[in-house]
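One letter stands for each residue in the lines below.
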Amino acid sequence: MSPLFSCVKDFRISLQKSTRIEKLFFLFWALGPFVYLIERTPADIWLTLLGIAFLVKSYKEANWSWLFVTWVKCVGVFWAITLVVSAICINPIYSLGEAIAWIRFPLYAAACAFWLGNDRSRLNMMFVIMGVATTFMIGILFFEQFSNYIEAGHALKRLEGPYGDFVPGSFLGKAMMPLAIILAAQAITKSLFKGFALALMCGAVVLGTLITGERVNTGLISIGVFLAALSLTQTKENIKRLILFGSIALTVIGSILSVPNGIGSRFSFNENPELSNYFDSAYWFSVRPGVVAALDAPVTGIGVGMHRLICPDIAKGPSWLKGKNECHPHPHQFYVQLAEETGLFGLAAGLIMIGSIIIKTASVRKSRTLYSGLAWIPPALLFFPQPSADFFGQWNNLFLWFAVGLALAMAEDRKADAT
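So, on to the overall build of the protein. Helix and strand counts for the protein stand at 20 helices and zero strands. Taken against the 2.2 N^0.38 rule, which gives 22 Å for 419 residues, the C-alpha radius of gyration of the protein at 22 Å falls within 12% of a compact globule. By principal-axis analysis of the C-alpha atoms, the protein measures approximately 65 × 60 × 40 Å. Evaluated residue by residue, the protein yields a buried proportion of 52% over its 419 residues.

Our focus in this paragraph is the confidence of the model for the protein. In this model, the protein carries a mean pLDDT of 92, and residues with pLDDT of at least 70 account for 98%. For the protein, helix α14 (residues 273–276) is the element with the lowest average pLDDT, namely 75, and helix α5 (residues 70–87) is the one with the highest, namely 98.

Let us look at a nonpolar patch on the surface. A surface patch of nonpolar side chains, amounting to about 520 Å² of accessible area, comprises L192, F196, L200, L244, I248 and V252. Inspection of the secondary structure puts L244 in helix α13 (residues 236–257). Among the residues examined, L244 registers a relative accessible area of 41% and is labelled partly exposed.

To continue, consider the pattern of salt bridges. Tallied over the entire structure, the rule returns nine salt bridges. When the shortest N-O distance is used, the salt bridge between E39 and R40 registers 3.8 Å. Look at E39 and you get partly exposed, because its relative accessible area is 29%. Here D390 and R308 are joined by a salt bridge, their closest N and O atoms 3.7 Å apart. Taken together, the residues D390 in the loop between α19 (377–382) and α20 (394–411) and R308 in helix α16 (residues 307–310) connect sequence positions 82 residues apart. Beyond isolated ion pairs, a larger network of salt bridges with shared partners links E22, K57 and E61.

Quick look at the state of the cysteines now. Evaluated as defined, the whole model comprises one disulfide. One disulfide in the model links C311 with C327; its S-S distance is 2.3 Å. When the S-S torsion is -90 degrees, as for the bridge of C311 with C327, the disulfide is left-handed. Placement of C311 in the loop between α16 and α17 (334–362) and of C327 in the loop between α16 and α17 is noted, with a sequence separation of 16 residues between them.

Packing of α17 against α20 leaves a shortest axis separation of 10 Å and a crossing angle of 25 degrees. As summarised for this structure, α17 and α20 are arranged roughly parallel, according to the angle between their axes. Judged by residue contacts, F334, I357, K360 and T361 of α17 engage N396, L400, W401, V404, A407, L408 and A411 from α20. For the contact of α17 with α20, the per-class residue count stands at eight nonpolar, two polar and one charged.

Time to look at unusual backbone geometry. Of note in this structure, N261 is not a glycine but carries a positive phi near 60 degrees. On the secondary structure map, N261 appears in the loop between α13 and α14. For H332, which is not glycine, the phi dihedral falls at a positive 60 degrees. When you line up the elements, H332 lands in the loop between α16 and α17. When its relative accessible area of 24% is taken as the criterion, H332 is described as partly exposed.

Here we take up the packing of helix α8 (residues 120–152) against helix α10 (residues 177–189). Where α8 meets α10, the axes come as close as 10 Å, and the angle between the chain directions of the two elements is 105 degrees. By the angle class used here, α8 and α10 are roughly perpendicular. The residues of α10 that touch α8, namely those facing F127, M130, G131 and T134, are P178, L179 and I182. Of the residues in the contact of α8 with α10, the class split is five nonpolar, two polar and no charged.

On to helix α9 (residues 168–175). Within α9, eight of the eight residues are buried, which leaves the element mostly enclosed by the surrounding structure. Residues of α9 that are buried include every one of P168, G169, S170, F171, L172, G173, K174 and A175, and no others.

In an α-helix, one turn spans 3.6 residues, which is why side chains three or four residues apart end up on the same side. Here α13 spans 31 Å end to end across 22 residues, near enough to the 32 Å set by a 1.5 Å rise per residue. Turning to α13, its buried residues number three or more, namely N238, R241, L242 and F245. Buried residues of α13 fall within an arc of 100 degrees about the axis and therefore sit on the same side. Turned more than 90 degrees from where α13 packs its buried face, K236, K240, I243, L250 and T251 sit exposed.

Another point: the packing of aromatic side chains. With the rule as written, the count across this model stands at 30 aromatic pairs. Ring centres of F78 and F392 lie 6.3 Å apart, and the angle between their planes is 5 degrees; on these two criteria the pair is classed as stacked. Placement of the pair is F78 in helix α5 and F392 in the loop between α19 and α20, with a sequence separation of 314 residues. Taking the relative accessible area as the measure of exposure, F392 reaches 6% and is therefore buried. Grouped by ring-pair contacts, the aromatic residues F78, W102, F334, Y335, F383, F391, F392 and W401 constitute a single cluster. Above the plane of the ring of F26 lies R122, whose end atom (NZ or CZ) is 3.9 Å from the centre.

How each quantity is defined
Residues numbered from 1 in each chain as written. Predicted model: local features only at pLDDT ≥ 70, side-chain atom pairs only at ≥ 80, totals over all residues. Heavy atoms only, no water. Helix = DSSP H or I, 4+ residues; strand = E, 2+ residues; numbered from the N terminus. Rg over C-alpha atoms; globule rule 2.2 N^0.38 Å. Buried < 20%, exposed > 50% of the residue type's maximum accessible area, 1.4 Å probe, protein only. pLDDT = per-residue confidence, 0-100. Patch = residues over 30% accessible without salt bridge, like charges linked within 9 Å, V, L, I, M, F, W, Y side chains within 5 Å. Areas by Shrake-Rupley, 256 points an atom, 1.4 Å probe, with all protein chains shown as cover. Salt bridge = Lys/Arg side-chain N within 4 Å of Asp/Glu carboxyl O. Disulfide = S-S within 2.5 Å. Axes fitted to C-alpha atoms, helices over the stretch in contact; angles between N-to-C directions. Parallel < 35°, antiparallel > 145°, perpendicular 65-115°, else oblique. Contact = heavy atoms within 4.5 Å. Nonpolar A, V, L, I, M, F, W, Y, C, P; charged D, E, K, R; others polar. Expected span 1.5 Å × (residues − 1). Arc of directions from axis to C-beta. Phe/Tyr/Trp six-rings, centres within 6.5 Å; stacked < 30°, edge-to-face > 60°. Lys NZ or Arg CZ within 6 Å of the ring centre and 35° of its normal.

Here is the structure:
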């Protein structure tokens, strides 16, 4: 029996054991990757409905035990602080709305970990569907880039994919990271033929992210794949396999980046000051007003989501802080944004919350399952200090918490014969 057929069969058996309502929600959850291919609003509705359904299920069954899990409690403390600092800011109605709405993302992660993804057959099926959705996205991106080569004779610096926005790299590099790391890990341990096929699949995800021109997401997915492969490199044969596939990957990536009029300019230190001289680049200029605002209101912050509203009024700040202020909807750095919008208490609580999620997923890495052994990689990389999108924003959180929710579900996997 092929692994794909076995996966579908196990999923059907899992559905047969569920109530009619749960069957609908499990199927709805499994369709998530396709919903994500449409646009942010359908994806947000999908994620929000699943979170609400989990609350209703908990209420009907009088089962709130998940609220006492450490990482969930840390989320609750952080959220409470964001509500307080938003309530006392200069525009509490707007800021409170942003803070209240944010909880839907970790709530989805809880639903994924403790309900939707707490059965391996459902997790397996989700990864199969993620693979299909990823194939569609990669096809769209290669067609978009190829079409521009034919029409204009050069590569597009950034791709939009099906969104009309520069975020398809976040779909592949963030949301699909759990799939990529599983493919990478299995490519090291399976037979050479199967391993090569899995490595090709994994490589397609990395290359798809690369051609979008999104440097951070390309770096994240590349490091995630390497860590996953390295984590299962325990024998001489595994090491040889890692060296072989790694050499092929570096050769292919180097060849793509060296193509004339290609996307190599996006990754060139000489042509991008944010890489060669960060503190004299537009990236730092967008971060700087967040630093100034955090210094001006260190305890309470300015309120969740308020950066976009008050940035033009933020002072130049101290003379020792190099550069100038440039205003964007957010300061492009998670931890600067937390310090700016939620103050020292929010920053501390946010760090503890993130740390608790990473610790939860890392604490099971030595267990005898593939899923739990790799679960720590997505949260560790996605929350790593880096140029980043809006910590409280819609698109970024849809991609990020999709991956983190799956990672938390993977950490709950305990069977010794994980596939």
